[in-house]
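Overview (structure and organization)
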Amino acid sequence: GDLSLAGNEFVEHGEVQEGRAVEGKNMTFRSDVYGDVVSQGGFILLEKNMSGGSAKSYGGDVTSNGRVFNSVIEACTGQVSLQYAESCLILGASVVIDRAVNCEIVAENIQINSAEGCGVAGKTVQIKSSNACRSKETIVSMLVPDLSALDAQLAQLNLSITECKHIIAEKDKAILLLKSDAEFAKYLSLATSIRQGKIQLNAAQQDGWQKMTAKFAGVMSTGGKLNAEKQEQLKREQAFLQELAHLQEVRSKSSLGMRCEITEVVGDTVVRSMIAANGVAAFQKNPVSTIKSRLREQDINH
């Protein structure tokens with residue numbers, strides 16, 4: 001019957017029959033497995049074969065030294081290491097397989113010695129030999145992030161920066177128009193010299209200066225307001241530029257580490273990009289049928 005094990009380590013010498021489940025932590029199976037084995041936070045080691053079953057390790061690795069047929073192998077935060085897998089769904093943070101035939105494989109990092117008619121999706125993929133299997137091609141999908149939201153933010157920031165530059169130019173134009181008045185320009189020059197102590201005013205001159213200051217008080221107020229509005233836009237522009245640089249860096253780093261290497265192409269092989277908003281995690285909660293169809297579908301976003 002089904003087994004739920006409380007111990008830290010378990011070794012099973014007998015077969016696990018079809019329809020039966022074994023749940024524990026660190027588990028070794030020395031005979032064939034036809035049922036389901038689940039490890040909570042530990043490893044699963046299959047020393048013989050698995051057929052029609054599943055091996056799922058939550059927090060550990062799954063290793064098979066035998067042959068795996070028509071099974072689901074999952075170690076979403078660990079490594080899956082298999083000698084031979086046929087017609088299997090394999091999920092892991094890292095997957096290493098000697099020979100994979102007609103399998104669907106999803107992981108951040110994938111290394112396969114021989115892939116035949118497989119659907120493969122990952123961020124870094126290394127395949128020594130890629131071939132078709134019974135007219136079914138091998139399809140390698142390189143998972144790329146969905147950058148549409150980020151690109152929309154970048155576009156909006158560029159629009160905001162352009163708007164700031166336009167407003168700044170308008171303020172500069174208005175300020176220059178004020179200064180183009182010869183009498184006001186003379187007043188500004190005198191004001192600068194008086195402020196710097198280059199000109200000393202006597203009592204009579206003070207009276208004239210006060211009258212001139214009163215005359216241009218409105219213009220000075222307008223100029224001060226224009227300059228304050230310009231400075232506000234300069235600050236906004238600088239903030240937008242900093243945010244733009246940050247988002248551009250985020251975008252450039254989003255695809256870092258992506259690499260596909262196929263040493264030898266023996267049969268039909270397709271390499272393409274596939275948009276996956278959450279990378280490998282986008283597949284992990286989907287039903288087996290959905291994952292298989294997703295890896296095999298022909299019309300996807302590139």
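Structure: see above.
To start, this report covers the structure provided alongside it. (Residues numbered from 1 in each chain as written. Predicted model: local features only at pLDDT ≥ 70, side-chain atom pairs only at ≥ 80, totals over all residues. Heavy atoms only, no water.)

**Regarding the pattern of salt bridges**
Across all of its chains, the model carries 9 salt bridges by this definition. Across the pair Lys 215 and Glu 183 runs a salt bridge, and its minimum N-O distance is 2.5 Å. Residue Lys 215 is found in helix 3 (residues 203-215), and its partner Glu 183 is found in helix 2 (residues 182-195); the two are separated by 32 residues along the sequence. (Salt bridge = Lys/Arg side-chain N within 4 Å of Asp/Glu carboxyl O. Helix = DSSP H or I, 4+ residues; strand = E, 2+ residues; numbered from the N terminus.)

**Thoughts on helix 4 (residues 217-253)**
Here helix 4 is 37 residues long and its end C-alpha atoms lie 54 Å apart, about the 54 Å a rise of 1.5 Å per residue gives. Those residues of helix 4 not exposed but buried are Gly 223, Leu 226, Lys 230, Gln 233, Glu 237, Phe 240, Leu 244 and Leu 247. At its buried positions, helix 4 is contacted by helix 1 (148-179). (Expected span 1.5 Å × (residues − 1). Buried < 20%, exposed > 50% of the residue type's maximum accessible area, 1.4 Å probe, protein only. Contact = heavy atoms within 4.5 Å.)

**Things to note about the pairing of strand 5 (residues 36-40)**
Where strand 3 (residues 21-24) lies against strand 5, 4 bridges are found, and the strand directions are parallel. For Glu 23, the partnering residue across the bridge sits in strand 5 and is Val 38. Bridge analysis of strand 5 against strand 8 (residues 54-58) gives 5 bridges, and the strand direction is parallel. In the sheet register, Val 37 faces strand 8, and the bridge partner there is Ala 55. (Pairing = 2+ DSSP bridges.)

**Focus: the nonpolar core**
Core analysis: the largest hydrophobic core is formed by 35 residues, its most contacted members being Phe 29, Val 37, Ile 73, Ile 90 and Ile 105. Within the residue set of this core, elements represented by two or more residues are strand 4 (26-29), strand 6 (44-46), strand 9 (62-69), strand 10 (72-86), strand 11 (89-101), strand 12 (104-116), strand 13 (119-131) and strand 14 (138-144). With residues up to four places along the chain from it excluded, the contact list for Phe 29 reads Phe 10, Glu 12, Val 16, Val 22, Val 37, Ile 44, Leu 45, Leu 46, Glu 47 and Lys 48. Residues Leu 91, Ala 121, Leu 143 and Phe 283 belong to the second largest nonpolar core, which totals 13 residues. (Core = buried A, V, L, I, M, F, W, Y, C linked by side-chain atoms within 4.5 Å.)

**A short note on helix 2**
When the terminal C-alpha atoms of helix 2 are compared, their 20 Å separation across 14 residues agrees well with the 20 Å that a helix rising 1.5 Å per residue should span. Buried residues of helix 2: Phe 184, Tyr 187, Ala 191 and Ser 193, and no others. As for helix 2, its buried residues are in contact with helix 1, helix 3 and helix 4. Remark: Gly 197 follows helix 2 within two positions and exhibits a positive phi of approximately 80°.

**A look at unusual backbone geometry**
Phi is positive for Asn 70, close to 45°, though the residue is something other than glycine. Among the structural elements, Asn 70 can be located in the loop between strand 9 and strand 10. Within the chain, Ser 135 stands out as a residue other than glycine whose phi angle is a positive 70°. Checked against the element boundaries, Ser 135 lands in the loop between strand 13 and strand 14.

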